[in-house]
Amino acid sequence: MFCNGEERCLVQGDKWMQKGKKVTIIGAGNVGATVAYSLAMKGSCHEIMLRDRAPEIAKGKALDMSQAANAARQHTLVSVAEEAKDIAGSDIVVITAGSPRKPGMSRDDLLMTNAKITKQVVQDVKKYAPDSIIIMVSNPLDVMTYVALKESGFPKERVVGMAGILDSARMAHFIYEKIRYGAGQIRASVMGGHGDDMVPLPKFSTVAGVPLTDILTKEEIDDIVERTKHGGAEIVGYLKTGSAYYAPAKATSIMIEAILKDTKQIHPCAVYLDGHYGHSDVVSGVPVALGANGVEKLFEMTLTDEQKAKFAKSVESVRKMINVLKKNNFFTNPEDNIIKTN
């Protein structure tokens, strides 16, 4: 097999196949490295690039993962992008770079620090990987997704945040912890921002198709909802010096695989709302179909008045943080610093 510089490689004369996909992960800490490991173990892509401010540590992790991939009989090569230009040709760029959440720290506390980091990183993505799809993982997730969208200038379909899959997985775990049956058959649904104002939706949550409201009492469901909303903080409280990474990484790898394989699977993700659910110029978590073009379709569910109110509250909490950035003239394009009413 040899490649001729096009988007395909020649195999056995006149037969063609697509080149292996390239995924770049910016930020090789716990989350980024675990995303890379998850992809490498499944052979989800041909090449994984790690880019980190500590290149030697990233090199060690990359070498270790490449060897693990061979032990797993997979073809994935994990290497390090020592310079920004090395991310060229990436199909997907995952951004996990940023300050981690510490005990007692809210996602809002991370706002300005991580916004500056995201802005710098996205400038490199825009320059060297202009055709890529960006998956944001850094917190505050919804605002960082908004920053990535505005600073990259990419179409809104190609900038998506990881949140809903993680929050739904947490809710599903808490459901299973309560009922102790239906493993693998629990479908939990969460909307809204990735924070304390997220909106778990028992109405759309089922166990083997049976509505959650037919299985648990209101008190039990309320307990699950509260634990879901504070699921990340609970883990931070136990770890003391860090935050969750196994579940966030798995949720991210699910998104990557849906895009690379063009599955059109529906997942809750943080995306730009442009009139959807009655909200504009803001990012929030809603169900979307993920495929080769990123967000292939956005779905608007029928919500009760109570759910609409909770979703609006969640959206407003994200909008307030976005407006803090706008008031500080944070965005490169002056028009993006104009505060708009919904």
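Up top is the structure these notes are about.
Conventions used here
- Residues numbered from 1 in each chain as written.
- Predicted model: local features only at pLDDT ≥ 70, side-chain atom pairs only at ≥ 80, totals over all residues.
- Heavy atoms only, no water.
- Helix = DSSP H or I, 4+ residues; strand = E, 2+ residues; numbered from the N terminus.
- Buried < 20%, exposed > 50% of the residue type's maximum accessible area, 1.4 Å probe, protein only.
- Salt bridge = Lys/Arg side-chain N within 4 Å of Asp/Glu carboxyl O.
- 1 Å grid on protein atoms, 1.4 Å probe; cavity = no way out; pocket = protein on both sides within 12 Å on 5 of 7 lines; lining within 4 Å.
- Points joined across faces, edges and corners; volume = space filled by probe spheres on them.
- Nonpolar A, V, L, I, M, F, W, Y, C, P; charged D, E, K, R; others polar.
- Pairing = 2+ DSSP bridges.

Moving on, we get to the environment of N328. Within the element layout of this structure, N328 appears in the segment after α9 (305–327). Classification of N328 by relative accessible area gives partly exposed; the value is 49%. Separated by 29 residues in the primary sequence, N328 and F299 have C-alpha atoms spaced 33 Å apart.

It is possible for side chains of opposite charge to pair when their charged atoms get near one another. Under the criterion given, the structure shown has 17 salt bridges. With a shortest N-O distance of 3.7 Å, E316 and R319 are connected by a salt bridge. A residue pair is termed a helical-turn pair when its members lie 3 or 4 positions apart in one helix, as E316 and R319 do in helix α9 at three residues. On the basis of relative accessible area, E316 is assigned to the partly exposed category, the value being 37%.

Moving on: the layout of surface pockets. Approximately 1,100 Å³ is the volume found for the largest pocket. In terms of lining, the largest pocket is formed by 39 residues, of which the most central are G27, T96, A97, G98 and S99. Listed by contribution, the elements that provide at least two residues to the lining of the largest pocket are α1 (30–42), α3 (111–128), α5 (164–179) and α7 (231–239). Of the residues assigned to the lining of the largest pocket, the class counts are 16 nonpolar, 16 polar and seven charged.

Residue position: I254 is located in helix α8 (residues 246–260). Separated by 33 residues in the primary sequence, I254 and I221 place their C-alpha atoms 27 Å from one another.

Let's shift gears to the sheet that holds strand β14 (residues 210–211). Paired through backbone hydrogen bonds, the strands of a sheet run either parallel or antiparallel to each other. Across the sheet, three strands lie side by side as β10-β13-β14; this open sheet has antiparallel pairing. A strand with exactly one partner marks an edge of an open sheet, and here the two such strands are β10 (186–187) and β14. By the bridge criterion, two bridges tie strand β13 (residues 206–207) to β14 in an arrangement that is antiparallel. Bridge pairing links T206 to P211 in β14.

Strand β16 (residues 280–291) sits mainly inside the fold: 11 of its 12 residues count as buried. The pairing of strand β15 (residues 265–274) with β16 spans 10 bridges and is antiparallel. The residue bridging Y272 from the neighbouring strand is V283, located in β16. Here β15 folds back onto β16 in antiparallel fashion, the turn holding five residues, of which G275 has a positive phi close to 95°. Pairing of β16 with strand β17 (residues 294–298) involves four bridges; the strand directions are antiparallel. Considered in β17, the bridge of V288 is made with L298. Remark: two residues form the turn of the hairpin made by β16 and β17, two consecutive strands paired antiparallel.

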